[in-house]
Amino acid sequence: SPGAVDAAASSAFGPGLSGGVAGSTLDFTVTLADSDGVKVAVDRLAQPVTRLAACRKTSSDDDCEPVAAPAEWGFSCAVVDVESLDAGSLSCTHAPTTSGVYRFRLS
């Protein structure tokens, strides 16, 4: 049985993380895993993922600290359908209002 979610072992992928246009809705998928890399089903979480924190990086070396994303970004996540290969993962969307390179944190 999987352990607690480990951010370092979890992953995110999708077009909403590697490009897009400011103001357009971008999507990405998050797969949660424990420290051994075992997938943690979203329904095992004590609380649902409802918050996106972000910061705009000023350089590739910038280790900025994410803060709550603006409400107008319309961030949301839904559990991926059980029929999908990514079942138990999260399908998320956001619409940043300013272009740039961002660092994200979900909670």
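Refer to the structure printed above.
Reading guide: rules and limits
In this numbering scheme, every chain counts its residues from 1 along its sequence in written order. Side-chain atom pairs in this predicted model are given and counted only at pLDDT of 80 or more, local residue features only at pLDDT of at least 70, and totals for whole chains, interfaces and linings cover all residues. Side-chain numbers here rest on the full set of heavy atoms in the structure, without hydrogens or water. By definition, any uninterrupted DSSP run of H or I lasting at least four residues is a helix, any uninterrupted run of E lasting at least two residues is a strand, and each is numbered from the N terminus. This radius of gyration counts C-alpha atoms alone. The globule rule is 2.2 Å times how many residues there are, raised to the power 0.38. Think of it in three bands: with a 1.4 Å probe and only protein chains considered, a residue is buried below 20% of the maximum accessible area for its type, exposed above 50%, and partly exposed in between. By definition, residues are in contact when any of their heavy atoms lie within 4.5 Å. Residue burial considers only the protein chains on display, and all accessible areas are found by Shrake-Rupley using a 1.4 Å probe. Count a disulfide wherever a pair of cysteine sulfur atoms falls within 2.5 Å. For two strands to pair, DSSP has to find at least two bridges joining them. Comment: axis = line fitted to C-alpha atoms, over the contacting stretch for helices; angle = value between 0 and 180 degrees taken between N-to-C directions. In this description, a nonpolar core means a group of buried Ala, Val, Leu, Ile, Met, Phe, Trp, Tyr and Cys residues linked to one another through side-chain atoms lying within 4.5 Å.

1. Brief notes about the overall build of the chain
Each helix and strand counted, the chain has 0 helices and 7 strands in total. Along the chain direction, N to C, the helices and strands of the chain fall in the order β-β-β-β-β-β-β. Relative to the 2.2 N^0.38 estimate, which gives 13 Å for 107 residues, the radius of gyration of the chain is 14 Å and therefore close to what a compact globule would have. A principal-axis box enclosing the C-alpha atoms of the chain has dimensions of 40 × 30 × 20 Å. For the chain, the proportion of its 107 residues judged to be buried stands at 31%. Sequence-distant contacts in the chain: of pairs separated by 6 or more residues, those separated by 24 or more amount to 60%. Accessible area of the chain: about 6600 Å², with a carbon and sulfur share of 52%.

2. Some details on the state of the cysteines
Covalent bonding between the sulfur atoms of two cysteines is what defines a disulfide. Under the defined criterion, the tally for this structure stands at 2 disulfides. One disulfide bridge connects Cys 55 with Cys 64, the sulfur atoms lying 1.9 Å from each other. Classification of the bridge connecting Cys 55 and Cys 64 rests on its S-S torsion, roughly 75 degrees, and on that basis the disulfide is right-handed. With respect to burial, Cys 55 and Cys 64 carry one shared label: buried.

3. Quick word on the environment of Ala 4
By the element assignment, Ala 4 lies in the segment before β1 (11–13). According to the relative accessible area criterion, Ala 4 is exposed, its value standing at 65%. Linking Ala 4 and Pro 96, residues 92 residues apart in sequence, is a C-alpha distance of 30 Å.

4. Quick notes on the sheet that holds strand β5 (residues 76–79)
The 4 strands lie next to each other as β1-β2-β6-β5, forming an open sheet whose pairing is antiparallel. Each edge of the sheet is formed by a strand with only one pairing partner; in this case those strands are β1 and β5. In this sheet, neighbouring strand axes are inclined to one another by 25 degrees on average, regardless of whether the strands run parallel or antiparallel. Of the pairings in the sheet, the one linking β5 to strand β6 (residues 90–94) comprises 4 bridges and is antiparallel in character. Looking at β6, one finds that Cys 77 is bridged to Cys 92.

5. Some thoughts on the sheet that holds strand β4 (residues 67–68)
Strands sit in the order β4-β3-β7 across an open sheet of 3 strands; the sheet is antiparallel. Of all strands in the sheet, those bounded by a partner on one side alone are β4 and β7 (102–106). Bridge analysis of strand β3 (residues 52–56) against β4 gives 2 bridges, and the strand direction is antiparallel. Bridged to Ala 54 within β4 is Val 67.

6. Description of the nonpolar core
In summary, soluble globular proteins display a tendency toward joint burial of nonpolar side chains. In terms of nonpolar packing, the biggest core is built from 14 residues, with Val 30, Trp 73, Leu 90 and Cys 92 touching the most fellow members. Counting only elements with at least two residues in this core, the list comes to β2 (26–31), β3 and β6. Aside from chain neighbours lying at most four places away, what touches Leu 90 is Phe 28, Thr 29, Val 30, Val 42, Val 49, Cys 77, Ala 78, Val 79 and Val 80.

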